[in-house]
Amino acid sequence: AQKVTQAQTEISVVEKEDVTLDCVYETRDTTYYLFWYKQPPSGELVFLIRRNSFDEQNEISGRYSWNFQKSTSSFNFTITASQVVDSAVYFCALRNNAGNMLTFGGGTRLMVKP
Amino acid sequence: KAGVTQTPRYLIKTRGQQVTLSCSPISGHRSVSWYQQTPGQGLQFLFEYFSETQRNKGNFPGRFSGRQFSNSRSEMNVSTLELGDSALYLCASSRSLAGGPEAAHEQYFGPGTRLTVT
């Protein structure tokens, strides 16, 4: 069985602070994929990144960066110099290689105050 | 390129009724998945369709069903609605199933249908 845990249910920061959202996963599969999605108040899940289990390279995209560590089964997401527009619920998700079914974590609500 | 569209966006039904939700995937995408999102249970997988065939099914009662048409559009149906079925129903589309080209593994979500059962 697969499982994704996002221990932080809610984080509040002041604009321009850096913030890291944690994600820990469990799977018995050797090939799997990890995702981060952003859900603004409108409700639509916005795709942010996909990472394959065989590629542990960290990735940076503008103010966003992701740290994937297989040794600790973690896939953490850092927002540098946070902005009010970053306020949303962020979901980490896991998928194996047998289909497109995503297992989601419980989500982390990020509030960025001006 | 148009994104995933879902209709209707909002729906209010009473207990015992049935409801049909519709999802149109991104052009060229053949896989459609459905998810239910509630405050208590979070995001849960309902089912996935590819080329008109159900490929995976989540742990939901038989009242929840779906289908996919030859143009990849999908519908899900919930019969004998219960109060607990009130949720945001999200549809996601992907170009293919796992095992295809790397770029095919992203799933793009629609805006959802918010169903309220009274």
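Preceding this section is the structure that the text describes.
Here's a quick rundown of the structure. (Residues numbered from 1 in each chain as written. Chains lettered and ligands numbered in written order. Predicted model: local features only at pLDDT ≥ 70, side-chain atom pairs only at ≥ 80, totals over all residues. Heavy atoms only, no water.)

1. Regarding the interface of chain A and chain B
In this assembly, 22 residues from chain A lie in contact with 25 residues from chain B. Buried surface at the junction of chain A and chain B, summed over both partners, amounts to about 1,800 Å²; 52% is from carbon and sulfur atoms. Together, L45, R50 and N100 of chain A form the three largest contributors to the area buried by chain A at its contact with chain B, with a combined 31%. Connecting chain A to chain B are one salt bridge. The salt bridge partner of E106 of chain B is R50 of chain A, with a shortest N-O separation of 2.7 Å. Between the two partners, chain A and chain B, sit eight residue pairs in polar contact (both at pLDDT 80 or more). Counting residues per element, the ones that place at least two in the side of chain A that touches chain B are β5 (32–39), β6 (46–52) and β10 (88–96) of chain A. Take the side of chain A that touches chain B: its biggest share by element is four residues, from β5 of chain A. (Contact = heavy atoms within 4.5 Å. Buried area = accessible area lost by both parts, 1.4 Å probe. Salt bridge = Lys/Arg side-chain N within 4 Å of Asp/Glu carboxyl O. Polar contact = N/O pair within 3.5 Å; in protein donor to acceptor, adjacent residues only side chain to side chain. Helix = DSSP H or I, 4+ residues; strand = E, 2+ residues; numbered from the N terminus.)

2. Describing the sheet that holds strand β8 (residues 74–78) of chain B
All names here are of chain B. Spatially, four strands are ordered β1-β3-β8-β7 in an open sheet, and the strand pairing comes out antiparallel. The strands lining the two open edges of the sheet, one partner per strand, are β1 (5–7) and β7 (64–68). Geometrically, the sheet is characterised by an average inter-axis angle of 20° between neighbouring strands, direction not taken into account. Pairing analysis gives three bridges linking β1 to strand β3 (residues 19–24), with the strands arranged antiparallel. Of the residues in β3, the one forming a bridge with T5 is S24. (Pairing = 2+ DSSP bridges. Axes fitted to C-alpha atoms, helices over the stretch in contact; angles between N-to-C directions.)

3. Comments concerning the side chain of T38 of chain B
Residues and elements named next belong to chain B. Along the polypeptide, T38 turns up in strand β4 (residues 31–38). Polar contacts involving the side chain of T38 include one to the main-chain amide nitrogen of Q41, which spans 3.1 Å. Other than its neighbours up to four places away in sequence, T38 contacts S86 and A87.

4. Re the layout of surface pockets
Approximately 610 Å³ is the volume attributed to the largest pocket. Around the largest pocket sit 27 residues that line it, and Q39, V89, F91 and R109 of chain A together with Q37 of chain B are the ones nearest its centre. Of all the secondary structure elements, the ones that give two or more residues to the lining of the largest pocket are β10 and β12 (108–113) of chain A together with β4, β5 (42–50) and β9 (87–94) of chain B. Here the lining of the largest pocket is built from residues that sort into eleven nonpolar, 14 polar and two charged. (1 Å grid on protein atoms, 1.4 Å probe; cavity = no way out; pocket = protein on both sides within 12 Å on 5 of 7 lines; lining within 4 Å. Points joined across faces, edges and corners; volume = space filled by probe spheres on them. Nonpolar A, V, L, I, M, F, W, Y, C, P; charged D, E, K, R; others polar.)

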